[in-house]
Amino acid sequence: MPFKKLSAKELDEFRSHLVRAQELLAGDLTQLHEEALGGNSGQDSSEPRATDTSDSYYQEFNLELLERDETTLREVMDAIERVDAGSFGQCEGCAEAIAKDRLKAMPHARYCIKCQREFERGNL
Ligand SMILES: [Zn+2]
């Protein structure tokens, strides 16, 4: 499927989900680092976590399934940059469009499913 820029509305939606994922990941990583450093329990800066998952989108894109690591955070941040650059949704392997279902499940996807397989085989 040839890549066509997503509509402003779609981009907007993906962007806000990505930003939310970024916030969650960044927050989790900070927490993980603090715990790794022995934790400063006296300094409780925990803000009330927004746990509103009623948004229909989050039933598809389950943030719990995100790997909580810096690679994923980097991927999410890169995806936000791609939204801003207008190339979001375009496979970096074949330059074709990434299926929307895939983007919904994994908005930070860099490759279409075909290229992802190649990537995993070490061909990209
Ligand atoms: Zn591809």
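Let me begin by describing the structure that accompanies this report. (Residues numbered from 1 in each chain as written. Predicted model: local features only at pLDDT ≥ 70, side-chain atom pairs only at ≥ 80, totals over all residues.)

## Topic: the overall build of the protein
Note the cut-off: Labels follow the DSSP assignment, with helices taken as runs of H or I lasting at least four residues and strands as runs of E lasting at least two, numbered in each case from the N terminus. To assign burial, the other C-beta atoms lying within 10 Å of each residue's own C-beta are counted, with C-beta atoms placed from the backbone; 20 or more indicates buried, 12 or fewer indicates exposed, and intermediate counts indicate partly exposed. Residues are treated as contacting if the C-beta atoms built from their backbones sit within 7 Å of each other.
Within the protein, the regular secondary structure consists of 5 helices and 0 strands. Secondary structure elements of the protein occur, N-terminal to C-terminal, as α-α-α-α-α. The burial tally for the protein puts 19% of its 124 residues in the buried class. In the protein, of all internal contacts separated by at least 6 residues, the share reaching a separation of at least 24 is 68%.

## Here's the deal with the nonpolar core
For the record, the criterion: Each nonpolar core comprises buried Ala, Val, Leu, Ile, Met, Phe, Trp, Tyr and Cys residues, the members being joined through C-beta atoms within 7 Å.
Counting residues in each nonpolar core, the largest one holds 16 residues, and the members touching the most others are Leu18 and Val76. For this core, the secondary-structure elements that each account for two or more residues are α1 (8-36) and α3 (70-85). Sequence-distant contacts of Val76, defined by excluding residues within four places in its chain, comprise Leu18, Ala21, Gln22, Leu25 and His108.

## A closer look at the environment of Leu11
Here Leu11 is to be found in helix α1. What makes Leu11 partly exposed here is the crowd of 17 C-beta atoms within 10 Å. Distance in space between the C-alpha atoms of Leu11 and Gly89 is 9.1 Å, their sequence separation being 78 residues.

## Looking at the environment of Glu118
By the element assignment, Glu118 lies in helix α5 (residues 113-120). Expressed as a C-alpha distance, the spacing of Glu118 and Gly93, which sit 25 residues apart in the sequence, is 9.1 Å. Apart from residues lying up to four places away in sequence, Glu118 is in contact with Gly93, Asn123 and Leu124.

## Observations concerning α1
Let me state the cut-off plainly: A helix is expected to span 1.5 Å multiplied by its residue count minus one.
Counted at 1.5 Å a residue, the expected span for α1 with its 29 residues is 42 Å, and the 41 Å between its end C-alpha atoms agrees. All of the buried residues in α1 are Phe14, His17, Leu18, Ala21 and Leu25. Positive backbone phi, at 100°, marks Gly38, one or two positions downstream of α1.

## Some words on α3
The first and last C-alpha atoms of α3 sit 22 Å apart over 16 residues, in line with the 22 Å expected at 1.5 Å per residue. Of the positions making up α3, those classed as buried are Leu73, Glu75, Val76, Ala79, Arg82 and Val83. Elements that come into contact with the buried residues of α3 comprise α1. In the stretch just after α3, Gly86 is the one whose phi turns positive, near 85°.

## Structural notes on unusual backbone geometry
Positioned with a positive phi, Ala95 is a non-glycine residue whose angle comes to about 65°. Classification of Ala95 by C-beta neighbours within 10 Å gives exposed; the count is 12.

## A look at the packing of α1 against α3
Under the convention used in this document: Between the N-to-C directions of two axes lies an angle of 0 to 180 degrees, each axis being a line fitted to C-alpha atoms and, for a helix, fitted only over the stretch in contact. For classification purposes, an angle smaller than 35 degrees is called roughly parallel, one larger than 145 roughly antiparallel, one from 65 to 115 roughly perpendicular, and anything else oblique. Working rule for handedness: look at the near helix, and if it is turned counterclockwise from the far one by less than a right angle, call the crossing left-handed; if clockwise, right-handed. Amino acid classes used here: Ala, Val, Leu, Ile, Met, Phe, Trp, Tyr, Cys and Pro are nonpolar; Asp, Glu, Lys and Arg are charged; the rest, including Gly, are polar.
At a minimum axis separation of 9 Å, α1 and α3 run at an interaxial angle of 155°. Judged by the angle between their axes, α1 and α3 are roughly antiparallel. When you trace α1 past α3, the crossing you get is left-handed. Residues Leu11, Phe14, Arg15, Leu18, Val19, Ala21, Gln22, Leu25, Ala26 and Leu29 of α1 lie in contact with α3, whose contacting residues are Glu70, Thr72, Leu73, Val76, Met77, Ala79, Ile80 and Val83. Residues that form the contact of α1 with α3 fall into these classes: 14 nonpolar, 2 polar and 2 charged.

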